[in-house]
Every structure is written in C-alpha cells, then in structure tokens.
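Structural features, examined
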Amino acid sequence: MNILTFDVEDWFHLLDHKSTKSEKVWLNYESRIHSNMERIYKILDNTNQKATFFCLGWVAKTYPEIIRKIIDKGHEIGSHSHLHQLVYEQTPEIFKKDLECSIKTIEDICGQKVIYYRAPGFSITKKNIWAFEIMHELGIKIDCSIFPSKRSHGGFPSFKNQEPVIVSYNGITLKELPINYYTILNKPIIYSGGGYFRLFPYYLINKWSKNSKYVMTYFHPRDFDKNQPIISDLSLARKFKSYVGLSGAATKLETWLNNDQFLDVSTADQKINWNEVPVVKL
Ligand SMILES: [Zn+2]
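1. Points about the coordination of the zinc ion
For the zinc ion, the protein coordination sphere consists of E9 (OE), H80 (NE2) and H84 (NE2), at 2.0 to 2.1 Å. For the zinc ion, the single-chain donor residues occur in sequence as E-x70-H-x3-H. Of this pair, E9 sits in the loop between β2 (5–8) and α1 (33–47) while H80 sits in the loop between β4 (76–79) and α4 (92–110), and the two are 71 residues apart along the sequence. For the residue pair E9 and H80, the accessibility class agrees, reading buried in each case.

2. Things to note about the pattern of salt bridges
As enumerated under the stated definition, the model contains 13 salt bridges in all. Between E30 and R32 there is a salt bridge, and its shortest N-O distance comes to 2.6 Å. Judged by relative accessible area, which is 42%, E30 ranks as partly exposed. Of the charged contacts in the structure, one is a salt bridge between E38 and K69, with a shortest N-O distance of 2.9 Å. Of the two residues, E38 sits in helix α1 while K69 sits in helix α3 (residues 64–72), which places them 31 residues apart along the sequence. Classification of K69 by relative accessible area gives partly exposed; the value is 30%. Each of E30, R32 and D225 takes part in salt bridges that share partners, so that together they form one network.

3. Some words on the side chain of S149
Its location among the elements puts S149 in the loop between β6 (142–143) and β7 (165–169). Judged by its relative accessible area of 9%, S149 falls in the buried class. Apart from the residues lying within four places of it in its own chain, the contact partners of S149 are G155, F156, P157, P188 and I190.

4. As for helix α5 (residues 130–137)
Buried within α5 we find W130, A131, F132, I134 and M135. Elements in contact with the buried residues of α5: α4, β5 (116–117), β6, β7 and β8 (172–176).

5. What about the pairing of β8?
Every second residue of β8 is oriented toward a common face, the buried set being I172, L174 and E176 and the non-buried set T173 and K175. Sheet analysis places β6 next to β8, joined by two bridges and oriented parallel. Note that in β8 the partner of I142 across the bridge is K175. Bridge count for β7 against β8 is five bridges, and the pairing is antiparallel.

Scoring rules and cut-offs
Residues numbered from 1 in each chain as written. Predicted model: local features only at pLDDT ≥ 70, side-chain atom pairs only at ≥ 80, totals over all residues. Heavy atoms only, no water. Donors = N, O, S within 2.8 Å, 3.2 Å for Na, K, Ca; no water. Helix = DSSP H or I, 4+ residues; strand = E, 2+ residues; numbered from the N terminus. Buried < 20%, exposed > 50% of the residue type's maximum accessible area, 1.4 Å probe, protein only. Salt bridge = Lys/Arg side-chain N within 4 Å of Asp/Glu carboxyl O. Contact = heavy atoms within 4.5 Å. Pairing = 2+ DSSP bridges.

The values are spatial; any link to function lies outside them.
Below, the structure written as structure tokens:
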C-alpha cells in the first residue's frame with residue numbers, strides 16, 4: 001500500500017528560519033503556491049492518481065481558491081495546522097487553538113469535515129503525546145504525524161511501528177499512518193518525501209518501495225520548484241536538505257507515480273483492516 005500526501009505550504013514555510021515564526025512577514029514574500037500546486041495537479045492528472053493534501057489553515061485563509069481547487073480536482077483535504085508551528089514548542093492550549101482554527105477555516109471553505117492531520121515538521125514526539133487527546137477532541141480520525149526515526153525537528157525514534165496502527169493514549173484511540181523507512185545495516189532510511197526523496201536516486205526509491213508493504217509519502221509544493229528563492233541565512237545542513245535535487249524531483253515523482261498505484265488517505269483507510277493492526281499504547 002502506497003499513500004500519496006502533500007503538505008500544502010509555501011516555499012518560505014521552512015521551520016529553521018526566523019521568518020517562519022511570525023505570520024506578519026509572510027505576506028511580504030513572493031507567493032509561489034499557485035504555480036507550484038498547478039505543477040502537482042499536472043503530475044497527478046498525467047498519472048491518474050489521487051492524493052490527500054494537508055493544508056495550512058493560513059494558506060486556506062489567504063488563498064481559499066487553493067482549497068476549492070483541491071476539492072474540484074477530486075483530491076481530499078486534511079489539516080497541517082494553522083500557523084505551521086512546532087507542536088513540541090506549544091502548550092496544549094495553544095496547540096488546540098491553532099488546530100481548531102485551521103479546521104474551522106478549511107471546513108468553512110470546502111464544506112467538508114476535516115478528519116486528517118499532519119503536524120508541522122512531524123513535531124509529535126514522545127514529549128507531547130497529549131496532542132492525540134486534543135486531535136481526538138477536535139474530531140481528527142487519522143493522524144499522519146509520526147516520523148519513527150531521528151529528525152532535526154520532531155521525530156519519534158522510540159515509536160517502532162512503521163505501518164498503520166491504532167494509537168491509544170489516556171483512554172482515547174486514534175488511527176495512525178506513520179512515515180515508513182527502509183532498513184539497511186540496522187539503520188532506518190527515510191526516502192518517501194521532502195529532502196530524502198529529492199536526494200536518493202529513483203532506482204533506490206523504486207527498489208525500496210517495491211520491497212515495502214506500506215509506504216507513506218510526504219511532499220511539499222516547493223519540493224518541485226527549482227526557481228524558488230534561496231533563503232541565505234540557513235545553516236549549511238538545512239540549506240542542503242531544503243534545496244538538494246529540486247530540478248529532477250518533478251520527473252522523479254511522475255515516474256514513481258506511473259510505476260505504482262498510490263492511494264489517498266480515505267481509500268487507504270477503507271482498505272486497512274483496523275481490527276487487525278497493532279495497538280500502540282503511549
Ligand atoms: Zn510543513
């Protein structure tokens with residue numbers, strides 16, 4: 001099972017940069033989200049694939065036509081928070097307010113319930129598992145925020161499952177579709193999204209995914225935008241991760257999507273026998 005998802009944010013929503021902390025400066029930047037979304041639709045049309053788009057509430061508020069077009073094209077919407085802040089830097093109260101705001105903003109535009117969520121930067125860690133209780137309270141049915149490996153932001157290396165699971169926490173349960181990895185010499189190799197996807201050659205991505213029962217992808221509109229402005233005051237490591245392999249990424253994605261069947265989250269949800277998946281008690 002391969003699941004196709006995109007986190008809908010603009011090129012400047014990089015978590016390492018000081019500008020990402022305040023929405024006040026975002027409108028000063030050139031927006032590239034419309035053309036970058038068009039590129040993605042073209043790839044999905046060419047390959048006849050449907051995807052789930054985790055959208056920032058801020059994007060929905062600023063560019064409601066983006067939400068309407070995703071729905072018009074037959075894809076589905078989840079929340080990627082409202083203001084793209086790291087969950088482990090938020091209090092439960094602030095997290096709740098932000099998620100609630102994104103859900104309401106998106107629902108008001110598309111007229112559908114928002115029941116899927118992915119945290120910015122996969123920032124659900126073992127320190128903020130309280131977030132599951134709030135997601136549950138706000139009507140989220142499936143979370144896609146667990147990154148079961150080390151990561152500069154977030155990551156949950158002690159979460160050993162890289163397959164659909166039920167997460168159980170403080171009396172509530174939630175369906176979880178975590179990111180997967182391929183194991184080489186006992187080391188988890190993430191390859192299905194972001195900088196990792198852009199870095200690894202296609203033949204490895206194809207080989208690793210063919211040998212995996214479950215693949216959860218995570219792309220961003222900027223992952224395929226070779227002309228995006230380069231933010232100069234990033235660390236060298238972050239610069240590499242943010243901008244490596246941009247020029248070949250669209251072709252790579254189209255090739256991958258042509259060679260395999262991908263599902264959106266709701267179709268995956270219907271196919272998974274949730275009575276048989278592991279229950280992970282947090
Ligand atoms: Zn994001």
